[in-house]
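Here is what each chain is made of, one letter per residue.
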Amino acid sequence: MFDLVLKPDWSGIFKRKKKEKISDTFKVAHRFIKLFNDHGVSLNQIPSVLKDIKLKDLKNMPESLVDALTDDILNKTSEIFGVRRDWLDGVSNQMYKKLFCYKMPQHFFEDIADLDFDLRDTWWPVISFTDKKDLNKSSFSRTTLVLVLVKKIANLNENVIYKYKIYGDDWYWEYPKCNIQLRGMIRVLHHLRGVIVPIYRVDKKILEQIVDGRIVPNVDMIPALRLHDVSLEDFSLSPEESAVSRDYDSLSIVDRYIESHNLYNVANKFLKEVKRRESDVL
C-alpha cells in the first residue's frame, strides 16, 4: 500500500455553469494553480513564491486570475518551477523538458553540478523512481529506473518547496550497458560528495508519467513509497563501503567503466567550476 496524500481540490473553481467547456484562458489559470498545488504550495501561499501575484488576484477566480496572468508572469512561473511554457499555456501535456545522459555520462555531471550537495537546503538532491519492490535483477522482466534532480525554490514556513529535472533515459536495469553506466555515475558521485540516492516505488502508470515528463515527481504529493532497506548507491559500493552492498561481484566492471570514461576527473571538473563561480560571486 502507498501512503496517499490528500491535496486541496480547486477544480471546482474552474467548473462553468452547465458544465460548459473551459476556455483556453481558463485552462491556463487552472494549470497555473495546479502547478503550485502539485509542488505543495497552497492557494494563499502563491504570493509568497511569486511576488507578482497578489491575494486579490485569487479572490474571484478564475476571472481575477486570468486578468493577472501576463506573459511576463507566465514566463517567470515556468522558470521558477522548471516547466515548459507550452504546458503552462495548455497546448502540450508534457510539463518537463527531459534530460538525457545515456552513453554521455559527462552530461549527468554537468546537469548536477549546481545542486546542493552540502545539504544546506536540499535533503536529497538526486532521487530515483521505479515500480519494483527491489532492484534484484533476477526478479525483473523489464525494469525502468528514473533519475530526478531536486533543487530548492523557497522556504514556506517549515516546508521547503523544490523544483525538479527529469531524465528521459529509460534505465533498463537488466541491460548491462545501462546498469554499468548508472552504477558508475552514482559510485563516482557518492565517492566525491557522499551522496545518498533514495529509491521510491510508485505505480507503473505514475512511473510512465514521470518518464514522459507529465507529472511533478514530488514524493510528498504523489503515492510514493521509499525503499528504506536500500538506496541506489548501495548497488555501486563494496561490502566495506556499505553494510547493505548489492551486486558487488560486478564492481570491477563498474570501475573499468569509470576509468575508461575518466569519470572522476569529468565529475570534478564540473563540480569545481560551480564552486569557483560561487566563490567569485561571494
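Residues numbered from 1 in each chain as written. Predicted model: local features only at pLDDT ≥ 70, side-chain atom pairs only at ≥ 80, totals over all residues. Heavy atoms only, no water.

1. Here's the deal with the overall build of the protein
Right, on to step 1. Within the protein, the regular secondary structure consists of ten helices and six strands.
Right, on to step 2. The long-range share in the protein, meaning contacts at least 24 apart out of those at least 6 apart in sequence, stands at 67%.
Right, on to step 3. A total accessible area of about 14,900 Å² is found for the protein, and carbon and sulfur atoms account for 50% of it. (Helix = DSSP H or I, 4+ residues; strand = E, 2+ residues; numbered from the N terminus. Contact = heavy atoms within 4.5 Å. Areas by Shrake-Rupley, 256 points an atom, 1.4 Å probe, with all protein chains shown as cover.)

2. Here's the deal with the pattern of salt bridges
Right, on to step 1. Applying the stated criterion across every chain yields a total of 15 salt bridges.
Right, on to step 2. In this structure, arginine 85 and aspartate 71 form a salt bridge, with 2.9 Å as the shortest nitrogen-oxygen distance. You can see arginine 85 sitting in helix α5 (residues 85–88) and its partner aspartate 71 sitting in helix α4 (residues 71–81), a full 14 residues away along the chain.
Right, on to step 3. For aspartate 89, the salt bridge goes to arginine 85, with nearest N and O atoms at 2.8 Å.
Right, on to step 4. For aspartate 89, a relative accessible area of 25% translates into the label partly exposed.
Right, on to step 5. A cluster of three or more residues bridged by salt bridges with shared partners is formed by Asp52, Asp72 and Lys76. (Salt bridge = Lys/Arg side-chain N within 4 Å of Asp/Glu carboxyl O. Buried < 20%, exposed > 50% of the residue type's maximum accessible area, 1.4 Å probe, protein only.)

3. Considerations on the pairing of strand β1 (residues 126–130)
Every other side chain in a regular strand lies on the same face of the sheet, so the side chains alternate between the two faces.
Right, on to step 1. With five of five residues buried, β1 is to be regarded as a mostly interior element.
Right, on to step 2. Burial along β1 is two-sided: Val126, Ser128 and Thr130 facing one way and Ile127 and Phe129 facing the other are all buried.
Right, on to step 3. Pairing analysis gives four bridges linking β1 to strand β2 (residues 144–156), with the strands arranged antiparallel. Bridge pairing links serine 128 to leucine 147 in β2.
Right, on to step 4. Both β1 and strand β5 (residues 199–201) contribute to a ladder of three bridges, which runs parallel. (Pairing = 2+ DSSP bridges.)

4. Quick look at the side chain of serine 64
Right, on to step 1. Within the secondary structure, serine 64 sits in helix α3 (residues 63–68).
Right, on to step 2. Taking the relative accessible area as the measure of exposure, serine 64 reaches 16% and is therefore buried.
Right, on to step 3. Within the structure, the side chain of serine 64 is placed 2.8 Å from the backbone oxygen of aspartate 57, a separation counted as a polar contact.
Right, on to step 4. Every residue in contact with serine 64, bar those within four places of it in the chain, is listed here: Lys56, Asp57, Leu58 and Lys59. (Polar contact = N/O pair within 3.5 Å; in protein donor to acceptor, adjacent residues only side chain to side chain.)

5. Focus on the packing of aromatic side chains
Right, on to step 1. Scanning the entire structure with this criterion turns up eight aromatic pairs.
Right, on to step 2. Pairing phenylalanine 36 with phenylalanine 81 gives two aromatic rings, centres 4.9 Å apart and planes at 85°, and the pair type is edge-to-face. One end of the pair, phenylalanine 36, is in helix α1 (residues 24–38); the other, phenylalanine 81, is in helix α4, with 45 residues separating them in the sequence.
Right, on to step 3. Overall, the relative accessible area of 0% leaves phenylalanine 36 in the buried class.
Right, on to step 4. Ring centres of tyrosine 102 and tryptophan 171 lie 6.1 Å apart, and the angle between their planes is 85°; this geometry places the pair in the edge-to-face category. (Phe/Tyr/Trp six-rings, centres within 6.5 Å; stacked < 30°, edge-to-face > 60°.)

6. Section: helix α8 (residues 204–211)
Right, on to step 1. Every buried residue of α8 is accounted for by Ile206, Leu207, Ile210 and Val211. Along the long axis of α8, the arc covered by the buried residues comes to 140°, so they all point the same way.
Right, on to step 2. In this structure aspartate 203 caps α8, since a side-chain oxygen of it lies 2.8 Å from the backbone nitrogen of lysine 205.
Right, on to step 3. Remark: glycine 213 follows α8 within two positions and exhibits a positive phi of approximately 70°. (Arc of directions from axis to C-beta.)

7. Considerations on the pairing of β2
Right, on to step 1. Bridging between β2 and strand β4 (residues 171–172) involves two bridges; their strand directions are antiparallel. In the sheet register, leucine 145 faces β4, and the bridge partner there is tryptophan 171.
Right, on to step 2. Pairing of β2 with strand β3 (residues 159–166) involves eight bridges; the strand directions are antiparallel. Opposite leucine 156, over in β3, you have asparagine 159 as the bridge partner.
Right, on to step 3. Counted between consecutive antiparallel strands, the loop separating β2 from β3 contains two residues, among which asparagine 157 sits at a positive phi close to 55°.

8. Remarks on the confidence of the model for the protein
Right, on to step 1. Considering every residue of the protein, the mean pLDDT works out to 88; 87% of them sit at 70 or more.
Right, on to step 2. Element-level pLDDT for the protein is lowest in helix α10 (residues 263–281), with a mean of 75, against a maximum mean of 98 in helix α9 (residues 251–260).
Right, on to step 3. Segment residues 1–6 is flagged for pLDDT under 50; beyond a separation of four residues in sequence, or across chains, it makes twelve contacts in the model.
Right, on to step 4. Every residue in residues 16–21 scores below 50 in pLDDT, and together they form three contacts with partners more than four places removed in sequence or on other chains. (pLDDT = per-residue confidence, 0-100.)

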